[in-house]
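Read off the chains here:
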Amino acid sequence: QIEEFRLAAEAESAAKQAAEEAIMAGAEAALSLELKRERLAAEEAEKAERDKADKMAAVDYYEELKKATMTKLKLEQQALEAQLAQERLAKQIEEFRLAAEAESAAKQAAEEAIMAGAEAALSLELKRERLAAEEAEKAERDKADKMAAVDYYEELKKATMTKLKLEQQALEAQLAQERLAKQIEEFRL
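So, here is what we can say about the structure in this document. (Residues numbered from 1 in each chain as written. Predicted model: local features only at pLDDT ≥ 70, side-chain atom pairs only at ≥ 80, totals over all residues. Heavy atoms only, no water.)

**Here we look at the overall build of the chain**
The cut-off we apply is this: Counting from the N terminus, the helices are DSSP H or I runs at least four residues long and the strands are E runs at least two residues long. Based on C-alpha atoms, the radius of gyration is set beside the globule rule, defined as 2.2 Å times the residue count to the power 0.38. Type-normalised accessible area, obtained with a 1.4 Å probe on protein chains alone, sets the label of each residue: buried when under 20%, exposed when over 50%, and partly exposed for intermediate values. By the convention used here, residues are in contact when the closest approach between their heavy atoms is within 4.5 Å. For the area figures, the Shrake-Rupley method with a 1.4 Å probe applies, and any residue is considered shielded solely by the protein chains shown.
Of the regular secondary structure elements, the chain holds 2 helices and 0 strands. Taken over C-alpha atoms, the radius of gyration comes to 49 Å for the chain, far larger than the 16 Å a tight globule of 189 residues would show. Expressed as a percentage of the 189 residues in the chain, the buried residues total 9%. Contacts in the chain between residues far apart in sequence, at least 24 positions, make up 93% of those at least 6 positions apart. Carbon and sulfur atoms provide 60% of the accessible area of the chain, an area that totals close to 15,600 Å².

What follows is the structure in structure tokens.
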């Protein structure tokens, strides 16, 4: 009887230990599942934060890209307007030169006709006075032509400098746009 009691007690103890181990295993499995759930929730939250940051960065990138593009277009338009102004100025100077040449030719033809008709009647003194007057008039014309040429080249110089400056600004805007695109690409990667 004592042996049977001992065996029964051992069997009961073994069953109790098995039950406790099963309870412990179940608790560990539940704890592991809870930890997995918490880790997955943390990963989802981190992914959501990353997605949000990526979206904000993309919005900022496209805003900066829009600004850089508008700046580049504006600078290109200003450069084109400066070039057109320069071409208009050159055209006006050319028209002025042609008009001056035509006026000079007409005047010379008239003077030659007058000289041909009056040469026989004019004395040497009258010829000298006429020549002196023509020299003075020619000097005035030359002076006016020189001043017009100086003004033209000053305007041409200003227009050229403006065009070069605008082209440089447009190039700098393009380089800034490319650097920004490269940084966004690096951030995205």
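**Side note on the pattern of salt bridges**
It is possible for side chains of opposite charge to pair when their charged atoms get near one another. Worth spelling out the cut-off: Definition used for salt bridges: Asp or Glu carboxyl oxygen within 4 Å of a side-chain nitrogen of Lys or Arg.
Applying the stated criterion across every chain, the model contains 11 salt bridges. A salt bridge links Arg6 to Glu10, with the shortest nitrogen-to-oxygen separation between them at 2.5 Å. Here Arg6 and its partner Glu10 are both found in helix α1 (residues 2–118), 4 residues apart, which amounts to about one turn of the helix. The salt bridge partner of Glu101 is Arg97, with a shortest N-O separation of 2.5 Å. Here Glu101 and its partner Arg97 are both found in helix α1, 4 residues apart, which amounts to about one turn of the helix.

**As for the nonpolar core**
This is how the line gets drawn: In this description, a nonpolar core means a group of buried Ala, Val, Leu, Ile, Met, Phe, Trp, Tyr and Cys residues linked to one another through side-chain atoms lying within 4.5 Å.
Ranked by size, the top nonpolar core spans 6 residues in total: Leu75, Ala79, Ala82, Leu166, Ala170 and Ala173. Beyond its immediate chain neighbours, meaning those up to four positions away, Ala79 contacts Lys163, Leu166 and Glu167.

**Side note on the layout of surface pockets**
Filter applied, for reference: Using a grid of 1 Å spacing that covers the protein atoms alone, one calls a set of points a cavity when a 1.4 Å probe fits there but cannot get out, and a pocket when the set is open and has protein on both sides within 12 Å along at least five of seven lines; lining residues are those with an atom within 4 Å of a point. Grid points are joined across faces, edges and corners, and a volume is the space filled by probe spheres set on the points. Each residue gets one label: Ala, Val, Leu, Ile, Met, Phe, Trp, Tyr, Cys and Pro are nonpolar, Asp, Glu, Lys and Arg are charged, and the others, such as Gly, are polar.
Estimated volume of the largest pocket: approximately 330 Å³. Around the largest pocket, the lining is made up of 16 residues, and of these Ala100, Glu103, Ser104, Lys107 and Arg141 lie nearest the centre. Those elements giving two or more residues to the lining of the largest pocket turn out to be α1 and α2 (124–188). Broken down by element, the residue count for the lining of the largest pocket peaks at 11 residues, all from α1. Across the lining of the largest pocket, the residue classes tally to 4 nonpolar, 2 polar and 10 charged. Of the volumes computed, that of the second largest pocket is approximately 210 Å³.

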